[in-house]
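# Architecture and fold: a report
Read off the chains here:
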Amino acid sequence: MDSNSITMPMSDPNAWATAMNNLGMPPMGITGQPLMPDFDPSLGMMAGITPMNPMMPGLGMVPAALSQDVPVVKEIIHCKSCTLFPPNPNLPPPATRDRPPGCKTVFVGGLPENATEQLIMEVFGQCGDITAIRKSKKNFCHIRFAEEPTVDKALFLSGYRIRLGSSTDKKDTGRLHVDFAQARDDLYEWECRQRMLAREERHRRKMEEDRLRPPSPPPIVHYSEHECGQLGDKIKDDGKFPEAVRVLLTWLERGEVNRRNANNFYSMIQSSNSHIRRLMSEKSQHEKEMEEAKDKFKTALAGILAQFEQIVSVFQAASKQKAWDHFSKAQRKNLDMWRKQAEEIRNMHNEQLMGIRREEEMEMSDDDMEDAPDSKDSEDSVSQAEALKEENDSLRCQLDAYRNEVELLKQEQGKNQPIRSEEDNTHSQQLSFLQQALQGMQKQLLKMREELKQREAELEKSLEEKQQLKNQVQNLKEGLQNLQNAHVMQVGIISTFLHVHPFGASIEYICSYLQRLDTKINPTEVESLLSRLPCTFRQELTGVGASLEKRWNFCGFQGIKST
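Only a predicted model underlies this, so the values are computations on that prediction, with no experimental measurement involved.

About the criteria used
- Residues numbered from 1 in each chain as written.
- Predicted model: local features only at pLDDT ≥ 70, side-chain atom pairs only at ≥ 80, totals over all residues.
- Heavy atoms only, no water.
- Helix = DSSP H or I, 4+ residues; strand = E, 2+ residues; numbered from the N terminus.
- Buried < 20%, exposed > 50% of the residue type's maximum accessible area, 1.4 Å probe, protein only.
- Contact = heavy atoms within 4.5 Å.
- Areas by Shrake-Rupley, 256 points an atom, 1.4 Å probe, with all protein chains shown as cover.
- UniProt positions renumbered as here; feature names shortened; annotations may be inferred.
- Salt bridge = Lys/Arg side-chain N within 4 Å of Asp/Glu carboxyl O.
- Pairing = 2+ DSSP bridges.
- Axes fitted to C-alpha atoms, helices over the stretch in contact; angles between N-to-C directions.
- Polar contact = N/O pair within 3.5 Å; in protein donor to acceptor, adjacent residues only side chain to side chain.
- Patch = residues over 30% accessible without salt bridge, like charges linked within 9 Å, V, L, I, M, F, W, Y side chains within 5 Å.
- Lys, Arg positive; Asp, Glu negative; His and termini not counted.
- Charge placed at Lys NZ, Arg CZ, Asp CG, Glu CD.
- Phe/Tyr/Trp six-rings, centres within 6.5 Å; stacked < 30°, edge-to-face > 60°.
- Core = buried A, V, L, I, M, F, W, Y, C linked by side-chain atoms within 4.5 Å.
- Parallel < 35°, antiparallel > 145°, perpendicular 65-115°, else oblique.
- Left-handed = near helix turned anticlockwise from the far one by under 90°.

Within the chain one finds 14 helices and 10 strands. Counting over 563 residues, the chain shows a buried share of 26%. Long-range pairs, those at least 24 residues apart, make up 66% of the contacts in the chain with a sequence separation of at least 6. On the chain, roughly 38800 Å² of surface is accessible, and the fraction owed to carbon and sulfur atoms is 54%.

In structure tokens:
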């Protein structure tokens, strides 16, 4: 149904305008024109009510529903063929369901039995443009509006009593109940709008990521003789070495190496290996600079600490009686506060200096431990093994280079077919020399391998002996610790036992008491232990003649009593 083609003038448009004005909404006619051109949303019928504007765009968001806490004055609305009476203001507001997303359809119940679509259009057409009305045979219908905010205007009429003309017949009266309705068309449009917003958000994020993405590195050229010559010069240059090594690595990973250019690659790798000495020297230089900076910082910190000591001495001298009495109370307070601050700063710097010294002592102790004989032997053997491995690798590389040269000579000899015999003799001599050198390198390589195996076996043996010695030392330490703990425990038990026997006890009596706790205790060991502690235990002779007996007394508290 096309609502724009239907125009029904109202008998009393001011009542409808007054009701919409209470909500802060500009009343609209069926044709889309405002009923009150001079509408001011800031003016309301009641003081203290903030006007609302549900027409504000929200980019697909559901507009806020009308607050149920704010009282709204509802008045009688006179239409052409019906009259709307407001509900009792003391009654609670009508209940509504949760608003579906993108809702444009409302459910209207409680219609009179004689209500027609024209009557529905007359009443609800003032809320906004209506796209469809689905009326049931019973007393309800569904109305779909063109815009979402117009649904709030339609909900304003919920609870109104409607009467057709001046009739009092039951079929011409009813109580309107307006509520949100869930329609598939509304949900589909809302989902389409949400998907469009999601696409726009993804596009915006992608554009932002593309803008913030760092630029791609320049492409690396493929291998050629010209590029190889330039790369060799760059590798020898210290400034261009990192970039050149990256290109060389890419060529190796691409598989650009073959028998023809293997020598070129070998020379470039050899040039790269020559930078190791430079890097090691730079590292040692930086370490030296760091040590010099540490020494300089330690010297400066010691000088600062000495000055702090002088300042603290000044405050201590000022705090003495002969100088302290001449200062006022405020001056004394300031001097005391300054002295405390100076002492705190002095202590903080002193702890920092002591921490640096402790770190140096720990480093020196670690160096001393590393310089032990066993560690020296192991380090020497490890260094020798590493040197043998490096020499073995270099010999293998040289051997591969000689093999490549021999193969190249063989290929050139087979392809060129030299005419002169002198050249044949020269090539044969070179070939024989290369074969002899190859045999010598192979023998040397086998010899180096045997030496490397021997060194590795010696290294493993020395490591096993070192581990055995460590285990023995650890066992001895544990035994010594257990023995010390046992002696300390025995001394404590004997001291307690003799303290409760003020007249002393014989060694047999003491051993009989201790053997109740440990059956392995020997009287000779106990007597030697008591003899080693003359300040704690003292031996006395008691009795006469045959009854002469040696007794041990506890004398650990005699020094305390005398003081």
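Further remarks concern the UniProt feature "coiled-coil region" (unreviewed entry) in the chain. The residues that UniProt annotates with the feature "coiled-coil region" (unreviewed entry) are residues 269–296. Helix makes up 100% of residues 269–296 and strand 0%. Its end C-alpha atoms lie 41 Å apart.

With the rule as written, the count across this model stands at 17 salt bridges. When the shortest N-O distance is used, the salt bridge between Arg-144 and Asp-186 registers 2.8 Å. One end of the pair, Arg-144, is in strand 5 (residues 140–145); the other, Asp-186, is in helix 4 (residues 184–212), with 42 residues separating them in the sequence. Among the salt bridges present, the one from Arg-144 reaches Glu-189, with a minimum N-O distance of 3.0 Å. Residue Arg-144 is found in strand 5, and its partner Glu-189 is found in helix 4; the two are separated by 45 residues along the sequence. Judged by relative accessible area, Arg-144 falls into the buried class, the value being 13%. Via salt bridges that share partners, Lys-104, Arg-144, Asp-186 and Glu-189 belong to a single interconnected network.

Within the open sheet, the four strands sit side by side as 4-5-3-8. Their pairing is antiparallel. With one partner strand each, in any of the chains shown, strand 4 (130–135) and strand 8 (177–180) form the two edges of the open sheet. Taking each pair of neighbouring strands and ignoring which way they run, the sheet shows an average axis angle of 20°. Summarising the sheet, strand 3 (residues 105–109) and strand 5 pair through five bridges and their orientation is antiparallel. Considered in strand 5, the bridge of Thr-105 is made with Arg-144. In the packing of helix 2 (residues 117–124) onto the sheet, the strands contacted are strand 3, strand 4, strand 5 and strand 8, and the crossing angle to strand 4 comes to about 135°.

In a beta sheet, neighbouring strands pair by backbone hydrogen bonds and run either parallel or antiparallel. Ordered by their spatial adjacency, four strands build an open sheet running 1-2-6-7, and the pairing between neighbours is antiparallel. Edge positions in the sheet fall to strand 1 (77–78) and strand 7 (173–175), since each of these pairs with one other strand and no more. Relative to strand 2 (residues 82–85), strand 1 runs antiparallel, the two sharing two bridges. Each residue of the ladder has a partner; that of Ile-77, found in strand 2, is Leu-84.

Let us now look at the side chain of Arg-99. Relative to the helices and strands, Arg-99 resides in the loop between strand 2 and strand 3. Note on Arg-99: relative accessible area 18%, which makes it buried. There is a polar contact of 3.3 Å between the side chain of Arg-99 and the backbone oxygen of Glu-148.

On to a nonpolar patch on the surface, then. Where nonpolar side chains cluster on the molecular surface, the patch consists of Leu-252, Val-257 and Ile-269 and spans about 220 Å² of accessible area. Along the chain, the position of Val-257 falls in the loop between helix 6 (241–254) and helix 7 (262–318). Judged by its relative accessible area of 39%, Val-257 falls in the partly exposed class.

The grouping of Glu-287, Glu-289, Glu-291, Glu-292, Asp-295, Glu-359 and Glu-363 at the surface amounts to a negative patch. Within the residue set of the negative patch, elements represented by two or more residues are helix 7 and helix 9 (329–370). The greatest single-element share of the negative patch, amounting to five residues, is contributed by helix 7.

Turning to the packing of aromatic side chains, a few remarks are in order. A ring pair, where both rings are aromatic, is described by two values, the distance of the centres and the angle of the planes. In this structure the tally under the stated criterion is eight aromatic pairs. Ring geometry for Trp-251 and Phe-265: centres 6.4 Å apart, planes at 75°, overall edge-to-face. On the criterion of sequence distance, the pair formed by Trp-251 in helix 6 and Phe-265 in helix 7 is long-range, its members being 14 residues apart. Judged on exposure class, the residue Trp-251 and its partner Phe-265 are both buried. Geometrically, the ring pair formed by Phe-497 and Tyr-513 is stacked, given 4.7 Å between the ring centres and 20° between the ring planes. Of this pair, Phe-497 sits in helix 11 (residues 421–499) while Tyr-513 sits in helix 12 (residues 507–517); the two residues are 16 residues apart in sequence, bridging distant segments of the chain. Taking relative accessible area as the criterion, Phe-497 reaches 7% and is therefore assigned buried. The structure contains a cluster of three or more aromatic residues connected by ring pairs, namely Tyr-223, Trp-251 and Phe-265.

The next subject is the nonpolar core. Val-108, Phe-124, Ile-143 and Phe-145 are the most contacted members of the largest nonpolar core, which totals 31 residues. Contributing elements (two or more residues each) for this core: strand 2, strand 3, helix 2, strand 4, strand 5, helix 3 (150–155), strand 6 (161–164) and strand 8. With five residues, the single largest contributor to this core is helix 2. Once you skip the residues sitting within four places of it in the chain, Phe-124 turns out to touch Val-108, Ile-130, Ile-143, Phe-145, Ala-154, Leu-157, Leu-176 and Val-178. If you look at the next biggest cluster of nonpolar residues, it comprises 14 residues, including Ile-494, Ile-507, Ile-510 and Phe-537.

Another point: the packing of helix 6 against helix 7. Where helix 6 contacts helix 7, the two axes come as close as 11 Å, and the packing angle between them is 140°. Put simply, helix 6 runs oblique to helix 7. The handedness of the crossing between helix 6 and helix 7 is left-handed. Residues Phe-241, Val-245, Leu-248, Trp-251 and Leu-252 of helix 6 touch helix 7, and the partners they reach there are Phe-265, Met-268, Ile-269, Ser-272, His-275 and Arg-278.

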